[in-house]
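Each chain is listed here by its residues.
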Amino acid sequence: SSANYSNGLQAARLRRRNDKSFLIFITCISIFVLYCIDSKKSDAIFEKIAQSTSSVLGMEGGEEGEEAAHGLEEGKFHGRYPHSLLTLFYPYTMFRDIVLDQPINDTDIPFFWHLHNSDELIIKQILTQCYGLELIELNDMHSIQKAKDVNLVSGLNRNKHVITSPFIRETAEIFTTDNFGRMMCFFRHPLDYDIHPSLLEQHPPNDNWLSRLLSNVHDRKIEFFDLAIAKQVVRQTCLVGQLDEMKVSIIRFQEHWGWNYTNGMSKEEGELCVDDAMMGNVPAETWMDHESEEFKTFYKTNSLDCQLYEQSRSAWRHHIQTIIPWEIQLSRDEDDDEDEE
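No experiment lies behind these values; they were computed from the predicted model shown.

Chemist: Can you help me understand the overall build of the protein chain in this one?
Modeler: Scanning the protein chain from N- to C-terminus turns up 13 helices and five strands. Per-residue burial for the protein chain yields a buried fraction of 43% across its 341 residues. When contacts within the protein chain are restricted to residue pairs at least 6 apart in sequence, long-range pairs at least 24 apart make up 75% of them.

Chemist: It is not clear to me how helix α10 (residues 246-257) should be interpreted in this structure. Could you clarify?
Modeler: Residues lying three or four places apart along an α-helix face the same way, a consequence of the helix completing one turn every 3.6 residues. The first and last C-alpha atoms of α10 sit 17 Å apart over twelve residues, in line with the 16 Å expected at 1.5 Å per residue. In terms of residue burial, α10 counts as a mostly covered element, since nine of its twelve residues are buried. Within α10, the full set of buried residues consists of Met246, Ser249, Ile250, Ile251, Arg252, Phe253, Gln254, His256 and Trp257. Among the residues trailing α10, Gly258 stands out with phi positive, at a value near 80 degrees.

Chemist: What's the story with helix α5 (residues 141-149) in this structure? I'm lost.
Modeler: Along α5, the positions that sit buried rather than exposed are Ser143, Ile144 and Ala147. Each buried residue of α5 sits inside an arc of 100 degrees when the element is viewed along its axis, so together they form one side. For α5, the exposed residues set more than 90 degrees away from the buried face come down to His142, Lys146 and Asp149. For α5, the secondary structure elements touched by its buried residues are β2 (134-137), β3 (161-165) and α6 (168-172).

Chemist: What am I meant to see in the sheet that holds strand β5 (residues 238-242) here?
Modeler: Spatial strand order, β2-β3-β1-β4-β5: five strands in an open sheet with parallel pairing. Unpaired on one side and paired on the other, β2 and β5 mark the two borders of the sheet. Here the strands of the sheet are splayed against their neighbours by 25 degrees on average, with no regard to which way each runs. Sheet analysis places strand β1 (residues 109-113) next to strand β4 (residues 181-187), joined by four bridges and oriented parallel. The residue bridging Phe111 from the neighbouring strand is Met183, located in β4. In the packing of helix α12 (residues 293-322) onto the sheet, the strands contacted are β4 and β5, and the crossing angle to β5 comes to about 100 degrees.

Chemist: Help me understand the packing of α10 against α12 in this model?
Modeler: Think of two packed helices as two axes; the pair is described by the angle between the axes and how far apart they sit. In the contact formed by α10 and α12, the axes pass within 12 Å of each other and the chain directions differ by 45 degrees. Relative to α12, the element α10 lies oblique. In the crossing of α10 with α12, the sense of the turn from one axis to the other is left-handed. Counting all contacts with α10, which are made through Val248, Ser249 and Arg252, the residues of α12 involved are Trp316, His319 and Ile320.

Chemist: Is there a simple way to explain the packing of aromatic side chains in this structure?
Modeler: For any pair of aromatic rings, the description rests on two quantities: the centre-to-centre distance and the angle between the ring planes. Tallying each qualifying case throughout the model produces eleven aromatic pairs. Seen in terms of ring centroids, Tyr131 and Trp259 are 5.8 Å apart; in terms of plane orientation they differ by 35 degrees. Their pairing is tilted. Placement of the pair is Tyr131 in the loop between α4 (117-129) and β2 and Trp259 in the loop between α10 and α11 (267-278), with a sequence separation of 128 residues. As far as the burial class goes, Tyr131 and Trp259 line up, both buried. These aromatic residues form a ring-pair network of at least three members: Tyr131, Trp257, Trp259 and Tyr261. We note Arg252 situated over the ring of Trp316; from NZ or CZ to the ring centre the distance is 4.4 Å.

Chemist: I would appreciate a short explanation of the pattern of salt bridges in the present structure.
Modeler: Once their charged atoms are close, side chains differing in charge can pair, the charge on each being opposite to the other. All told, the structure shown has twelve salt bridges when counted by the stated rule. Among the ionic pairs, Arg188 bridges to Asp119, the shortest N-O distance being 2.7 Å. You can see Arg188 sitting in the loop between β4 and α7 (197-202) and its partner Asp119 sitting in helix α4, a full 69 residues away along the chain. Arg188 gets classed as buried once you look at its relative accessible area, which sits at 5%. For Glu271, the salt bridge identified is with Lys247, shortest N-O distance 3.8 Å. Placement of the pair is Glu271 in helix α11 and Lys247 in helix α10, with a sequence separation of 24 residues. Within the structure, one salt-bridge network assembled from shared partners comprises Arg96, Asp108 and Arg182.

Chemist: Which parts of the structure should I look at to understand the nonpolar core?
Modeler: One broad rule of soluble globular proteins: the nonpolar side chains tend to lie buried together. One finds Trp113, Ile163, Ile168, Phe175, Leu210 and Leu214 to be the most contacted residues of the largest nonpolar core, which totals 42 residues. Excluding residues that lie within four positions of it along the chain, Trp113 makes contacts with Ser165, Pro166, Phe167, Ile168, Met183, Met184, Cys185, Phe187, Leu210, Leu213 and Leu214.

Chemist: Sorry if this is basic, but what is going on with empty space enclosed by the protein here?
Modeler: With a probe scaled to a water molecule rolled over the atoms, the places where space remains empty come into view. All told, the structure shown has one cavity of 30 Å³ or more when counted by the stated rule. Along the walls of the largest cavity sit His116, Phe187, Arg188, Tyr193, Leu210, Asp305, Leu308 and Tyr309, which together make up its complete lining. The element that contributes the greatest number of residues to the lining of the largest cavity is α12, accounting for three residues. Class assignment for the residues of the lining of the largest cavity results in five nonpolar, one polar and two charged.

Definitions and limits used
- Residues numbered from 1 in each chain as written.
- Predicted model: local features only at pLDDT ≥ 70, side-chain atom pairs only at ≥ 80, totals over all residues.
- Heavy atoms only, no water.
- Helix = DSSP H or I, 4+ residues; strand = E, 2+ residues; numbered from the N terminus.
- Buried < 20%, exposed > 50% of the residue type's maximum accessible area, 1.4 Å probe, protein only.
- Contact = heavy atoms within 4.5 Å.
- Expected span 1.5 Å × (residues − 1).
- Arc of directions from axis to C-beta.
- Pairing = 2+ DSSP bridges.
- Axes fitted to C-alpha atoms, helices over the stretch in contact; angles between N-to-C directions.
- Parallel < 35°, antiparallel > 145°, perpendicular 65-115°, else oblique.
- Left-handed = near helix turned anticlockwise from the far one by under 90°.
- Phe/Tyr/Trp six-rings, centres within 6.5 Å; stacked < 30°, edge-to-face > 60°.
- Lys NZ or Arg CZ within 6 Å of the ring centre and 35° of its normal.
- Salt bridge = Lys/Arg side-chain N within 4 Å of Asp/Glu carboxyl O.
- Core = buried A, V, L, I, M, F, W, Y, C linked by side-chain atoms within 4.5 Å.
- 1 Å grid on protein atoms, 1.4 Å probe; cavity = no way out; pocket = protein on both sides within 12 Å on 5 of 7 lines; lining within 4 Å.
- Points joined across faces, edges and corners; volume = space filled by probe spheres on them.
- Nonpolar A, V, L, I, M, F, W, Y, C, P; charged D, E, K, R; others polar.

So this is what it looks like as structure tokens:
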């Protein structure tokens, strides 16, 4: 019901606010302790941070620096954060906050990130044959760069087009502050990875492969801080689908965007279309005894990706209450307009 969605959204906003407050509190305490221990060392650290921030934002040169801070580097470090935070989470700042940025804006563009082979085949068939959507397939760096050069997203219609790509970071950069992306993706346990060949060419198999991809860490040991970045991508910017809940996830995508079934299909006919696309194509999940030596060895190598998968499961469950169907988004938006009047 609308009340349940409203309560879920309020709870999500409160959790985000509490997370930020806790982070600020911990930062302040850390700074105070550091200053008490060694004030000279803390002053040096603050100076280094200030210089680094000024360099990134181009703020050394008076008015010229202030103008640079508003433009930053062309095509870089833009998004939904204040300028002081833009570089922190880029390029994911070019995606909407999937929960808090509701209702969907007419200028937002759907983006299906298919990192797994089997997901790509099934979902593309459903998007085109069941919902009648046109796919903009960006399957290589050349097409992504071309889309960026011509500002492709400015000419797309969110009710007609869906951008698809296995490359998340590179594709994020084609979106703009006039046309943000809204991302959808399916997650699965690391035991069941079916990584797109183009991604493996770019980043060969490694420990904690997906956490490395999302945090952009490929040449050093991956840390818990990097996992936090990957979790933030899943939690904040992705409308999550699950392999073992594929049909439910697809219907959630459809209701969230307000897509209609194509060729005048009824709801029953449309869901049958989804069933037909999935039939025989959804891979079985791998089952393994968690007490076995085989799994313990696997987990030791991929523990961060296993935790990231659990984050995706948590997000999927939260979306039951926080991802709002399009019709309810419209009704709530109208209520807000009436309140303002």
